[in-house]
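Single-letter residue listing:
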Amino acid sequence: MPTTDPFVDAYIDKAKDFAKPILNHIRSLVHDACPDVIEIKKWSFPHFDYKGMMCSMASFNQHCVFGFWKQSLLDDAAFPAEKTAMGSFGRITSLADLPDDETMKKLIYDAMKLNDDGIKVQKAPVSKEKKELVVPGILIAALETNSLSSETFNNFPYAKKKDYVEWINEAKTDATRDKRLATTIEWLAEGKSRHWKYQNC
């Protein structure tokens, strides 16, 4: 019998209708591939533990996510080159957004082996150089028009400022950039970080 947690049952029951078959399918795949996996609650969403953290899933209003803790050590070819959400596969809105079952189970087997062998992800060395964030002029100008947004941004730590700066800089069109800029000012005025939706899930 699989080791399940009532929290995961309740989590799936409360999810949006589109998300339920996705979450149930992921859950089934993980248990099929790794019978000894244990379901746990961490950061308010389901995680799967096998000799340490192995993978996790979550659902939001319009998409789901699923991610491996040691994705950087798994086969890159199985993951999308560009992602629009956290997790290993970006935004999952249907089962079609996931690899086929054989590929998924292969990834789970490989993730199990990493934990079996006690292999850890090597952390990048921390640079001792003073960090300097270059804030684009359009963001500086927009912040000057909203004191609340400006105060929030200026009080944010480097990493949270960088999240917004990179989001704006990565826009491929002026329309996308302007839309992101407007959203940035709105969220900052509410005291929100770039990834507030994930942090509050």
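Residues numbered from 1 in each chain as written. Predicted model: local features only at pLDDT ≥ 70, side-chain atom pairs only at ≥ 80, totals over all residues. Heavy atoms only, no water.

Sorry, what's going on with the pattern of salt bridges here?
Opposite charge on two side chains allows them to pair when their charged atoms are near. Applying the stated criterion across every chain, the model contains 10 salt bridges. Linking K20 and D17 is a salt bridge whose minimum nitrogen-to-oxygen distance equals 3.7 Å. Among the salt bridges present, the one from D116 reaches K51, with a minimum N-O distance of 2.7 Å. Of this pair, D116 sits in helix α3 (residues 101-116) while K51 is found in the loop between β2 (45-49) and β3 (53-59), placing the two residues 65 residues apart along the sequence. A single salt-bridge network, built from bridges that share partners, covers D9, R27 and E39. (Salt bridge = Lys/Arg side-chain N within 4 Å of Asp/Glu carboxyl O. Helix = DSSP H or I, 4+ residues; strand = E, 2+ residues; numbered from the N terminus.)

Whenever I open this one, empty space enclosed by the protein confuses me. Can you help?
The gaps of empty space that remain are located by a probe, the size of a water molecule, rolled over the atoms. Using the criterion set out here, one finds one cavity of 30 Å³ or more in the structure. In this structure, the largest cavity encloses a volume near 30 Å³. Lining the largest cavity are M53, M54, F68, W69, K70, Q71, L74, A111, L114 and N115. For the lining of the largest cavity, the secondary-structure elements that each account for two or more residues are β3 and α3. Per-element accounting of the lining of the largest cavity gives the leading share, three residues, to α3. Partitioned by chemical class, the residues of the lining of the largest cavity number seven nonpolar, two polar and one charged. (1 Å grid on protein atoms, 1.4 Å probe; cavity = no way out; pocket = protein on both sides within 12 Å on 5 of 7 lines; lining within 4 Å. Points joined across faces, edges and corners; volume = space filled by probe spheres on them. Nonpolar A, V, L, I, M, F, W, Y, C, P; charged D, E, K, R; others polar.)

Which parts of the structure should I look at to understand the packing of helix α2 (residues 19-33) against α3?
Packed helix pairs are characterised by how far apart their axes lie and by the angle those axes make with each other. Packing of α2 against α3 brings their axes to within 9 Å, and their N-to-C directions diverge by 55 degrees. As summarised for this structure, α2 and α3 are arranged oblique, according to the angle between their axes. The crossing of α2 and α3 is right-handed. Counting all contacts with α2, which are made through H25, L29, V30, D32 and A33, the residues of α3 involved are D101, M104, K105, I108, Y109 and M112. In the contact of α2 with α3, the residues fall into seven nonpolar, one polar and three charged. (Axes fitted to C-alpha atoms, helices over the stretch in contact; angles between N-to-C directions. Parallel < 35°, antiparallel > 145°, perpendicular 65-115°, else oblique. Left-handed = near helix turned anticlockwise from the far one by under 90°. Contact = heavy atoms within 4.5 Å.)

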